[in-house]
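Read off the chains here:
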Protein chains: 2
Amino acid sequence: MLQQLFDPSAIAIIGASDDIRRPGGYPLHALTANGYRGLVYPVNPRRAEINGKPCYPSVRSLPGPCDLAIVGVPAANVPAAIEDCGSAGIPFAIVLSAGFREIGAKGMALQAELDGAIRRSGVRVVGPNCLGVLALPPRMYAGFGALFRNPDWPRGPIAMISQSGGFAYSILSSCQEAGLGVDYVVSTGNEAGLGMLDFVEHFLADDGVRLIVLYVEGLADGRRLRALGTRALEARKPIAVWKVGNTGAGSRAAVSHTANLTEEYDFYRDAFAEGGFVEVREIYDLIDCAKAFGARRLPQGRRVAIVTTSGGAGVLLADRCEEAGLTIPALAPESVAKLGALVPDFASLANPVDLTAALAQTEQPFTAAMHHVIEDANVDLAILRSYPGRDVDAWTDHLVAYAAASPKPLLVSLSGTQRQSAAWAPRLEAAGVPCFETPSGAVSAAAMLCAFAEKTRRAVPAREPSRSTARVELERPAGAAALNEEKAKQWLERYGVRAPRRVFVRIDAPLPALDLSFPAVVKVVSPDVPHKTEAGGVRVGVERAGLEGTLKELAANVLRYQPQARIEGFIVEEQARGVEIIVGALANPSFGPLVLVGMGGIQAELFRDVARRYAPVDAATAREMVLRLKGARLLQGYRGAPPCDLDALCDVITRVSWMIADHEAWIAEIEINPLIVGVSGHGALAADAVVRFR
Amino acid sequence: MLQQLFDPSAIAIIGASDDIRRPGGYPLHALTANGYRGLVYPVNPRRAEINGKPCYPSVRSLPGPCDLAIVGVPAANVPAAIEDCGSAGIPFAIVLSAGFREIGAKGMALQAELDGAIRRSGVRVVGPNCLGVLALPPRMYAGFGALFRNPDWPRGPIAMISQSGGFAYSILSSCQEAGLGVDYVVSTGNEAGLGMLDFVEHFLADDGVRLIVLYVEGLADGRRLRALGTRALEARKPIAVWKVGNTGAGSRAAVSHTANLTEEYDFYRDAFAEGGFVEVREIYDLIDCAKAFGARRLPQGRRVAIVTTSGGAGVLLADRCEEAGLTIPALAPESVAKLGALVPDFASLANPVDLTAALAQTEQPFTAAMHHVIEDANVDLAILRSYPGRDVDAWTDHLVAYAAASPKPLLVSLSGTQRQSAAWAPRLEAAGVPCFETPSGAVSAAAMLCAFAEKTRRAVPAREPSRSTARVELERPAGAAALNEEKAKQWLERYGVRAPRRVFVRIDAPLPALDLSFPAVVKVVSPDVPHKTEAGGVRVGVERAGLEGTLKELAANVLRYQPQARIEGFIVEEQARGVEIIVGALANPSFGPLVLVGMGGIQAELFRDVARRYAPVDAATAREMVLRLKGARLLQGYRGAPPCDLDALCDVITRVSWMIADHEAWIAEIEINPLIVGVSGHGALAADAVVRFR
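Cut-offs and rules
Residues numbered from 1 in each chain as written. Chains lettered and ligands numbered in written order. Predicted model: local features only at pLDDT ≥ 70, side-chain atom pairs only at ≥ 80, totals over all residues. Heavy atoms only, no water. Pairing = 2+ DSSP bridges. Helix = DSSP H or I, 4+ residues; strand = E, 2+ residues; numbered from the N terminus. Axes fitted to C-alpha atoms, helices over the stretch in contact; angles between N-to-C directions. Contact = heavy atoms within 4.5 Å. Least-squares fit on C-alpha atoms with pLDDT ≥ 70 in both. Buried area = accessible area lost by both parts, 1.4 Å probe. Salt bridge = Lys/Arg side-chain N within 4 Å of Asp/Glu carboxyl O. Polar contact = N/O pair within 3.5 Å; in protein donor to acceptor, adjacent residues only side chain to side chain. Nonpolar A, V, L, I, M, F, W, Y, C, P; charged D, E, K, R; others polar. Buried < 20%, exposed > 50% of the residue type's maximum accessible area, 1.4 Å probe, protein only.

## Some words on the sheet that holds strand β14 (residues 277-279) of chain B
All names here are of chain B.
Thought 1: Spatially, 7 strands are ordered β9-β8-β11-β10-β12-β13-β14 in an open sheet, and the strand pairing comes out mixed. With one partner strand each, in any of the chains shown, β9 (140-143) and β14 form the two edges of the open sheet. Within this sheet the neighbouring strands show an average axis-to-axis angle of 15°, counted without direction.
Thought 2: Where strand β8 (residues 132-135) and strand β11 (residues 184-187) come together, 4 bridges link them in antiparallel fashion. The partner of A135 across the bridge, within β11, is Y184.
Thought 3: Relative to β14, helix α9 (residues 264-274) is tilted by about 130°, and along the sheet it contacts β13 (239-243) and β14.

Here it is in structure tokens:
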């Protein structure tokens, strides 16, 4: 797809110069100095030759075919240069020049001009305002800045795509120091042509790349991100993603709780959680991630054996494992017996296993002990915290041989300095035993492996569950921005979500006979009053005798609160009993439809106790969502109360998820608040609901 | 206090040997090889000389005074060796030998024997089962293991005390790599004599030590930890504390919510939060902490200016600052104007300030710009993320000069590799400008500085606030483990906490005339039923007419639930209106009395929404506690409701805190659950309460 971009047979440099301080000068120098394996054509109408190379007046006068142009002319000349590339049949261009959208109003016109040139020419453009592309396999240093000044970057099966060119250099430097090679770096700049996800798609298909790393500020196409996440799981190729720009979004209009409870960053996190992504927040995280996945072993579960030569480190590792949701099983009695024969009396054979510093000095028993630990049937992966004893070579040999014989991941946390470990860590890592600088790093790497492995084990691709409810055709009422409570409940009922028995009483009609049980709930129905409770338009515990008076009072309350409100009537409704839950759904134009569940109105809002998934979801996923709530205990028979009807709750979640998925083109939000979940076997009822349109 | 331990004029080695694999052999070698500046006396009755040094049969036959003995004989001989030291007038001993408490039952008798010898002899003992003491000022390598094998540890004003000897080496190695020197390391082992806090007290008084680092598994004396925390604030000397062993405490008896809501680790965290501690969780954290405080500048507030040469790093830094609770103010217009004259058009002068990579290449304008930023009156400290441009020396000179002129902390986050920064970071750090490896590290260091500075600015030492309520003498009823609700409310009333109007109705007396407003709450009073609600012993909304029937029903419920229950009677109580809060207090034997506030029963429990402080507290602290609750918004006029009586709530918290503080010797727990906080001006009422005794 993008092969010619990353391994062009020839590159033209438009705006070539012999001044390496210029964007057209530095790449000419860097490509030559670093031994780029293709041809380089300087293009500059004012020069006949540069640095001994013949110079061409235009890309149309090149002596042979050309796959890529590097554009370093002033911004104003970039659109014409792109059109030239199109005429000359050059399929790709990297635009280093700045002065477009990123400088604000002044650059917008030029950006539009460039967009037009890209459209017309069909040239696929990286940038503008980017630092360029580094591709080590062909030694292509096609850019400028610190990243392109280091001739010694090591090679490795990692591709990095960054929306911050400057930060890419920092990351690469740290990777190099940790012994990690990065074959490809793309600085995407303004993404006028090719965007970050185009590169992700390319590298997912490139067998030479085993880890994709993203430094993301923002993406326009959330659905494509999610689709690529699914593809990454299928390919078992992780995408490490470092998302920044997540806070300080500023105040947004507070339309509903569902919207209030979901921030921009949540859409990303939900996409990361469902697909083949590993979220990192730190350079260290990223290095730990690259090391963990570089070993190409995935655990079958999350049961960790901790092996140390110091009790203190074992305590620390156990803390971190528990925090990370990893389990620390007891070893099987057979393993304990075998270990007992090898280690000193004062060693601890519980998990964490402390083999003692004394044993670490005796390579053979030590690695034999390691062997017994990881072969234990209770163990899915092991973390070893140790110093390699006195005979480092023998120690390393044993671990290498042992790793070759077991498919279970073994992660080593170094004690001692980087300098010391430089002598042996590379050999272990080449054998599939990653070495981490800190105990916490080893644990967080283990957690990344476990989470990714679990996602690949799920019924992938779980792009869409099978329908649990039939599609229902709904028709948007002309001119309305939202449905009133009664209408919203009717739509939900058509999707199989139950609401309490109720009667709608028109304001201008006499009170009908009511076949309802009392006490009841009474609510004003008005298109102008979205927050009925605040307006004094709701009363609970109303007896039949007091009904007529209550209707008058509520109407008066609402008119006092909002004198212009049009009151259509009242809902008189049986009072449901149970635990209050909020079930919401919204359709994000970029990421797609999403369903949400949370504890009651106040608890969801104050404690952010909500779980979200992209819609539709099946009942199993709905149950996972519910059980993730901190308040889930309230539903499971809290303090002697009978357990609630979880099945009914999960059924509502799936039905709402299908309702938003079926109609996301025009329904913006659905909210049931509260859904009253009764005692097990008694169902769940939507006590209030709203549906809003785009 | 411990001067002779850390700088002895002579050291005896009991069990001296020329075999460096033995605990009595290695220190003899290490002291000599590393140039220890005092005298060394080998002691071994079976040798006349070792390594050319005369050997003494016993410490009683030494030729001169001796301050310290290193004990490396087999465990069984250790108690006698300690008695010998006592007879010989040697005040300190380091016991390296293992085989005591740490090996379980087998070692307990020997440990008791050792404890006796320590008591009788008066010798102050480090260990046993420790790795020893490293003191670089006198070049004293008094121990064994990896820590004592490195002759090149750099000196620096840090003292580390570790309950894990093995891990101390890892930490020291990482410090060394980061350019940090550690003058003292103590491995405390079993702490039979001297404990971790003895060393803290010593180093707090040592002017050569500016940062104390603790690696803690557990401490017996929480009050002393807290007292030392206060002293650290007074001395403005931070104690970095790395606490491990915090999870998997296992199930504990669930007596009350207050106890359930407080785990062992919470006592430590509360102590760390109030005193001069900085909690770290990672080697990196510790290094960041040491660098931050090593610069000896504390900020006046938490307003951070972020300066970068790359927009991407600025976004990341802003995210992290917001997460860490730091603020990112706009710069003053004057500063923006000055900056505008210096930087290119496309630089961003909002905060984060992006000076652009171009400017970074021009040292003079760059540092001038830095100067304008940090001199801004809106700014308390600055974080600079940058590469030092081409002329590193000039760049460094400028920053050094500028730092010398300003008292505000400047933290630098390096871009590029450690190797590159090794050339200039040490110069900056020597000038008080710490350099951090990652942007996140710089932010977390900034947050540590701000939090510590805030604690020193508080009215220190706030050891005990002035009394807000008089001490009331209370008398523990003989034989009772707890007070019933009625009695607990009476005690609280004596401390000035109000409860609703109520009448106690004895079970065997006729129903009296009740001067109460209805509907009321009715509750069974029984010493045998601590969980009245679960037993069906509570009813709300009882009308006067239905009272007699309700009493019968409740009694029947309780007897069904617990047939042997002794029912003393009923409380008939006016129904309070307001927000439900839990206020609790408990007296921890180690750490002292503590007061707690949380949202309602369920919310505190499910969402852990509680705030704790050691008691007593004043009203200002109580208010801080309340405002830290996530649910605090419910009290401040949530969704149009009138605000609650915060003053009354705070008053209750302070009164309960005094009640536990006054009687902590015998009251174990006080709990008001719920406290009903009414609308502003209407007070707060204890609707239920319990007092439990030790």
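Now that the structure is up, let's keep going.
## Comments concerning the relation of the copies chain B and chain A
Thought 1: Mapping chain B onto chain A calls for a rotation angle of 180° and an axial translation of 0.1 Å; the resulting RMSD is 0.1 Å. Interpreted geometrically, this transformation is the action of a two-fold axis. Within chain B, F607 of chain B has its C-alpha nearest the rotation axis, a separation of 3.6 Å.

## Topic: the interface of chain B and chain A
Many authors give the size of an interface as the accessible area that is lost as the parts come together.
Thought 1: Residue-level contacts link 66 residues of chain B with 65 residues of chain A.
Thought 2: Between chain B and chain A lies a buried interface of about 5,400 Å² when both sides are counted; carbon and sulfur atoms form 52% of it.
Thought 3: Its largest share of buried area at the contact with chain A, chain B owes to Y284, L606 and F607 of chain B, together 13% of the area lost on that side.
Thought 4: Where chain B touches chain A, the interface holds 2 salt bridges.
Thought 5: Put simply, R281 of chain A and E323 of chain B hold a salt bridge, and the shortest N to O gap is 2.7 Å.
Thought 6: Where chain B packs against chain A, one counts 10 residue pairs in polar contact (both at pLDDT 80 or more).
Thought 7: Going through the elements one at a time, α5 (165-177), β13, α10 (283-294), α11 (311-323), α16 (418-421), α18 (439-457) and α21 (601-607) of chain B are the ones with two or more residues in the side of chain B that touches chain A.
Thought 8: The leading source of residues in the side of chain B that touches chain A is α11 of chain B, at 10 residues.
Thought 9: Classifying every residue of the side of chain B that touches chain A gives 21 nonpolar, 23 polar and 22 charged.

## Points about the pairing of strand β27 (residues 610-614) of chain B
Residue and element names in this part refer to chain B.
Thought 1: Counting buried positions over the 5 residues of β27 gives 5, a clear majority of the element.
Thought 2: As paired strands, strand β26 (residues 592-599) and β27 are joined by 5 bridges and run antiparallel to one another. Residue pairing for β27: V597 is matched across the bridge by A611.

By themselves, these are just geometric observations and shouldn't be taken as functional.
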